[in-house]
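Coordinate inspection notes
Residues per chain are reported as follows:
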Amino acid sequence: MDNLRNSIELLFRKINTETIVTEIGNTDLSVLPFQTKLKNDFIEFGRASSPHYSKSEWENIVQKLEEDWLLNAEKPVFGEGSVFSLLIHFTIQALSVHENVPTIVSAHLLRWRELSYVLGEDLLICAHFGYIDSKKKTQRDFFGWAPVISTDNIEIKNILNKGIAENHFHLKGSAPIFELSWISLMNNVKNRSTEFRKLRKKNRQVLKQIAGVQLDELTIETQVYIAAIIRKTLFNLITNGEADLDSLQREITSGDFRIMLNNHQTEIERLKKMHGLSFRHEGKTKIPDYAITKDLLESNLISNVLLCGERKLLISCFTEIYRSSEKIKDYLNVFYLYLLIKNKLREELIQVNNKIGFSNFSDYQDRKEYFIKEKSIFETAFLSMAVSDTSKNQKIVSFETRIAPKQNYPNQKRAIEHYDHQINSTFFNKRTTQEKINRMIHAKSTADYPNFYVLHFIKEKEKRISIDNSYDSLSSMAIPRHNILRKKVRQESIAIIDLMRSSSNVSQRLFGIDAAASELDTRPEVFAQAFRFLKNHESLGRHDHLKSNHSNNRLGATYHCGEDFLDLVDGLRAIDEAILFLNLTKGDRLGHALALGVEVQKYYEFKHRLLMLPKQDVLDNVVWLLEKYTKYEIQGFRKLITFLEETYERLFSELYVNKFEVNIKSTWQVYADAWKLRGDDPLIYKRNSKQSQSISNWNSFNTSRSIADSIRFNEDVKFLYHSYHFDPNVKVEGRKIMQFQVTQEYINLVKIVQDKFLYDVSRKELGIECNPSSNYLIGTFGKYVQHPIKRFFNSGLTLKNNELGKSPQALVSINTDDQGVFGTSLENEYAIMYKALEKELDLDGNPIYNQTMIIDWLDRIRKMGIEMSFKK
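Remember, predicted model here, so these are calculated numbers, not experimental data. (Residues numbered from 1 in each chain as written. Predicted model: local features only at pLDDT ≥ 70, side-chain atom pairs only at ≥ 80, totals over all residues. Heavy atoms only, no water.)

Examining empty space enclosed by the protein
Rolled over the atoms, a probe sized like a water molecule indicates the empty space that remains. Within the structure shown, the criterion is met by seven cavities of 30 Å³ or more. Its boundaries defined by the atoms lining it, the largest cavity holds a volume of some 170 Å³. Around the largest cavity, the lining comprises 16 residues; the ones closest to its centre are D122, L123, F178, E179 and K342. Sorting the residues of the lining of the largest cavity by element identifies α7 (121–136), α9 (177–187), α14 (308–322) and α15 (332–349) as the ones contributing at least two each. (1 Å grid on protein atoms, 1.4 Å probe; cavity = no way out; pocket = protein on both sides within 12 Å on 5 of 7 lines; lining within 4 Å. Points joined across faces, edges and corners; volume = space filled by probe spheres on them. Helix = DSSP H or I, 4+ residues; strand = E, 2+ residues; numbered from the N terminus.)

Right, here's the structure in full:
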């Protein structure tokens, strides 16, 4: 990151709020100079975030700030340096405006992405608009731009306007999560303690004393209360030209906000009634935000309307600042504090901590609805904006909307009907003309919405039955691994079939199944029977046989795998298990599948060649690697193969040879055959097991038909599989963690196996759903250009036969995953990949990729995305 962007991030995200609160309590508020305390904090956080710079070098950056970046060359803010001027030095390069709509200058897209992702786009856009309005002495009246703005790249727009498919889109992760949560909090500050407790934030700095008053920890909850007070004060200042500064200072520095919450909420409700625009929502009148004022122009009454009030307020404040208006002169510190607190909460809801792994992402994913109250206008906007705003701003011709299934038919039907209603809802303000309402309602009822549903099961960490941290032997011998989740998945699967058979309107919009969440928690084997069961049923409603144009569509299948793994071999094995156990065939897809394409050498170097895994996973990975070595007839590696065979013998003895069972003698080949049975229902291998009666033909899919009967009837194989599920020692010992040292020979073998396995997957004509921003933020590669999509498919990107020959030309698509969590859009994902490839240089400093060929490559991927769609 360059020093300008780094400085902006430090000042608007990382500076302690306590520093600014202290200044509010102790200093003259006439200006916000770059004071000594702020300088010291800036240098301290700078050294922590960029340790390659010394203290002296950070002092030089401070000097650059004071001499240049904190100044506005045309007219310094109040004649002095200001942190607000810093924003403009960046936005005048990165932003342009076309017909009142902000647009990213394509040349600066990656710089924009890096900064706007951690700070939010609206801070930068609103500062830019405030600066423009201060120069032109105009007052802006349109605030309804998209949550994620597009670039000025005409070539990208031209190909995407032909139509694109969104094949990997999680409904509840795709709304502007933080923006709606913030507005909800700013307008409803009471009774939020339970929601804040869910954040479980334990590492906030302790604010010992402010202005001589002893305080508790300045928690994120307290900071948000401070922001709510500041916001209504700034609103009064901008709207009425006056506010009580002394009262604001006392409230901010008093510390005990809970006792004042009733008064604050009463004042907020008064502002709503006096200034707020009323909307009709679910038959009732609602005023969601006092900052969405009654004089808001009708052009803003679109799907983004709930974002307009906050944007209007920010632009107004920035305009006054860049004009050096006396109105706001005394409030610079509190406005800065408001922006800082806003980003403190944002980093609790949006993954901006630069940590890899799905578990880190999951921590954020789980928080997305904390501050969105059920059945509120914000919940409607949360779901509606995710789909309708996305499809409105982009020409999406096939739109997979992923939701979690329910455990019975009535709940599943109600859930989908609820999502349908919320997605297609439009709320109107009281002064919207009846003619416009009729037009909008007619458009809603007749539009051919491209969205349909893919139901994704949720992977869960196994709930262990244990005594003193070890399995209860009797209980463990009675139930297979993941027994609770297996039962839940069966119930959900039967509910899906019941829904498809009973409701033709719904069944026509159910196109696929998936399993999502952390793959470290659940292996594909748990979902195997469900996938085989559901893939074999036709998507027909009860009366569809009477229709002349019905089609016997079967559910498509996709599966999240190879995204997060403790060893690259483990990720490859997960993909293999998904294909083998779930019976994935031509037309089905893999979600992410990064393990197929990440650079093996770089991955293991990133891990310092030292892995920490459960013994069971190491044993399985070693056997899988030996099996592929044999299958692909790979030559050499005798020393490594001997090591892997010895590792197998040692781990097999530790896990499977114990005092509870007779001693087992087994080769790794027999163990590999037992592994192949993991897609089968484990209960059919339980001794003296009595199968339950068939439920909706469920038991017809107990076993994977791709496994030869000779394996299934082998007594040694059956015994090993039984032990895997029902032997307590195998389970307890297998969960123990061991260290696994990776050698260069191991890396070289994994490279060969990965390449051959990738070609295997490609020959099966399985699609790979690529999600550049999601993969970049969760995965281990450090640049967008390192995304393995170009390893999967590079036709059109190069004319060199040797380069084309290195790729299997697999089926791939570009998607967003959780666009709200990752702050992106489908157009943005295409544009980012374009810019990342365009900027890639060879050792001589020349571009590696031709611009025209990049566009051609992206267009081919666009077409493949449509072809891969389950809607097709």
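A look at the pattern of salt bridges
By the definition in use, this model includes 63 salt bridges. Note that K488 is salt-bridged to E460, the shortest N-O span being 2.6 Å. Of this pair, K488 sits in helix α21 (residues 483–502) while E460 is found in the loop between β10 (451–458) and β11 (466–467), placing the two residues 28 residues apart along the sequence. Using a relative accessible area of 23% as the deciding quantity, one classes K488 as partly exposed. E460 gets classed as buried once you look at its relative accessible area, which sits at 19%. For R523, the salt bridge goes to D570, with nearest N and O atoms at 3.2 Å. Of this pair, R523 sits in the loop between β13 (510–516) and α23 (528–535) while D570 sits in helix α24 (residues 568–581), and the two are 47 residues apart along the sequence. Through salt bridges with shared partners, a single ionic network connects R523, D570, R573, E577, D617, D620 and R678. (Salt bridge = Lys/Arg side-chain N within 4 Å of Asp/Glu carboxyl O. Buried < 20%, exposed > 50% of the residue type's maximum accessible area, 1.4 Å probe, protein only.)

Some remarks on the sheet that holds β10
The strand order β3-β8-β10-β13-β14-β15-β18-β19 describes an open sheet built from eight strands, whose pairing is parallel. Looking at strand neighbours, the two that pair on one side only are β3 (164–166) and β19 (812–814), the edges of this open sheet. Along the sheet, successive strands turn relative to each other by an average axial angle of 20°, direction set aside. Direction of pairing for strand β8 (residues 396–403) relative to β10: parallel, over a ladder of five bridges. Within β10, the residue paired with I403 across the bridge is L455. (Pairing = 2+ DSSP bridges. Axes fitted to C-alpha atoms, helices over the stretch in contact; angles between N-to-C directions.)

A closer look at the packing of helix α11 (residues 220–240) against helix α13 (residues 261–275)
Between α11 and α13, the shortest axis-to-axis distance is 11 Å and the interhelical angle comes to 35°. In this structure, α11 crosses over α13, and the sense of that crossing is left-handed. Where α11 approaches α13, its residues Y225, I229, K232, F235, N236, T239 and N240 are matched on the opposing element by L261, H264, E267, I268, L271 and H275. Of the residues assigned to the contact of α11 with α13, the class counts are six nonpolar, five polar and two charged. (Left-handed = near helix turned anticlockwise from the far one by under 90°. Contact = heavy atoms within 4.5 Å. Nonpolar A, V, L, I, M, F, W, Y, C, P; charged D, E, K, R; others polar.)

Description of the pairing of strand β15 (residues 589–592)
One ladder, built from four bridges, connects strand β14 (residues 556–561) with β15; its direction is parallel. Bridge pairing in β15 places H560 opposite G591. Sheet analysis places β15 next to strand β18 (residues 767–770), joined by three bridges and oriented parallel. Opposite L590, over in β18, you have I768 as the bridge partner.

So, the packing of aromatic side chains
Counted under the stated rule, the structure contains 39 aromatic pairs. Residues F90 and W112 carry aromatic rings whose centres are separated by 6.3 Å and whose planes lie at 10° to one another, so their mutual orientation is stacked. Of this pair, F90 sits in helix α5 (residues 83–94) while W112 sits in helix α6 (residues 109–119), placing them 22 residues apart in sequence. Overall, F90 belongs to the buried group, its relative accessible area being 0%. Ring geometry for Y131 against Y322: centres 5.8 Å apart, planes inclined by 90°, an arrangement best described as edge-to-face. (Phe/Tyr/Trp six-rings, centres within 6.5 Å; stacked < 30°, edge-to-face > 60°.)

Notes on helix α4 (residues 55–69)
If you check α4, its first and last C-alpha atoms are 19 Å apart, about what 15 residues at 1.5 Å a residue would give, namely 21 Å. When we look at burial in α4, the residues that qualify are W58, I61, V62, L65 and W69. When α4 is viewed along its axis, its buried side chains cluster within an angular range of 100° and face the same direction. (Expected span 1.5 Å × (residues − 1). Arc of directions from axis to C-beta.)

Section: the environment of I15
Relative to the assigned elements, I15 resides in the loop between α1 (3–14) and α2 (17–26). A residue is classified by how much of its surface remains accessible, and I15, at 0% relative accessible area, is buried. Taking the C-alpha atoms as reference, I15 lies 6.8 Å from F42; in sequence the two are 27 residues apart. Setting aside residues up to four positions removed in sequence, I15 forms contacts with L10, I20, L38, D41, F42, F45, Y336, L340 and K344.

Considerations on unusual backbone geometry
Backbone geometry places E99, a non-glycine residue, at a positive phi of 50°. Tracing the sequence through the fold places E99 in the loop between β1 (95–98) and β2 (101–104). Phi is positive for K137, which is not a glycine, with a value near 55°. Position of K137 among the secondary structure elements: in the loop between α7 and α8 (154–160).

Notes on the side chain of E166
Position of E166 relative to the elements: it lies in strand β3. The buried charged residue E166 lacks any salt bridge, with R402 as its nearest oppositely charged partner at 7.6 Å. At 3.4 Å, the side chain of E166 forms a polar contact with the backbone nitrogen of H168. (Lys, Arg positive; Asp, Glu negative; His and termini not counted. Polar contact = N/O pair within 3.5 Å; in protein donor to acceptor, adjacent residues only side chain to side chain.)

Brief notes about the state of the cysteines
All told, the structure shown has zero disulfides when counted by the stated rule. With no disulfide of its own, C126 lies closest to C317 among cysteine sulfurs, the gap being 10.0 Å. (Disulfide = S-S within 2.5 Å.)

Describing the side chain of T558
Following the sequence through the fold, T558 ends up in strand β14. Here R589 takes part through its backbone oxygen, which lies 3.5 Å from a polar atom of the side chain of T558. Reaching out from T558, the side chain makes a polar contact with the side chain of E769 at a distance of 2.6 Å. If sequence neighbours within four positions are ignored, T558 has contacts with R402, I513, D514, A515, F531, R589, L590, G591, E769 and F870.

A look at α7
Here α7 spans 23 Å end to end across 16 residues, near enough to the 22 Å set by a 1.5 Å rise per residue. Counting buried positions over the 16 residues of α7 gives 14, a clear majority of the element.

What to know about the environment of S762
Position of S762 relative to the elements: it lies in helix α32 (residues 744–763). S762 sits 47 residues away from Q809 along the chain, and the two C-alpha atoms are 7.4 Å apart. For S762, the residues in contact, after removing those within four places along its chain, are P808, Q809 and A810. Among the polar contacts made by the side chain of S762, one reaches the main-chain carbonyl oxygen of P808 at a distance of 3.3 Å.

Digging into the confidence of the model for the protein
Any residue range with low pLDDT should be treated as having predicted coordinates unsuitable for detailed reading. Averaged over all residues, the pLDDT of the protein equals 86, while 86% of them reach at least 70. Counted against residues more than four places away or in other chains, residues 437–448, with its pLDDT under 50, gives twelve contacts. Here residues 689–695 is modelled with pLDDT under 50, and outside its nearest four sequence neighbours on either side it reaches twelve contacts, counting other chains as well. (pLDDT = per-residue confidence, 0-100.)

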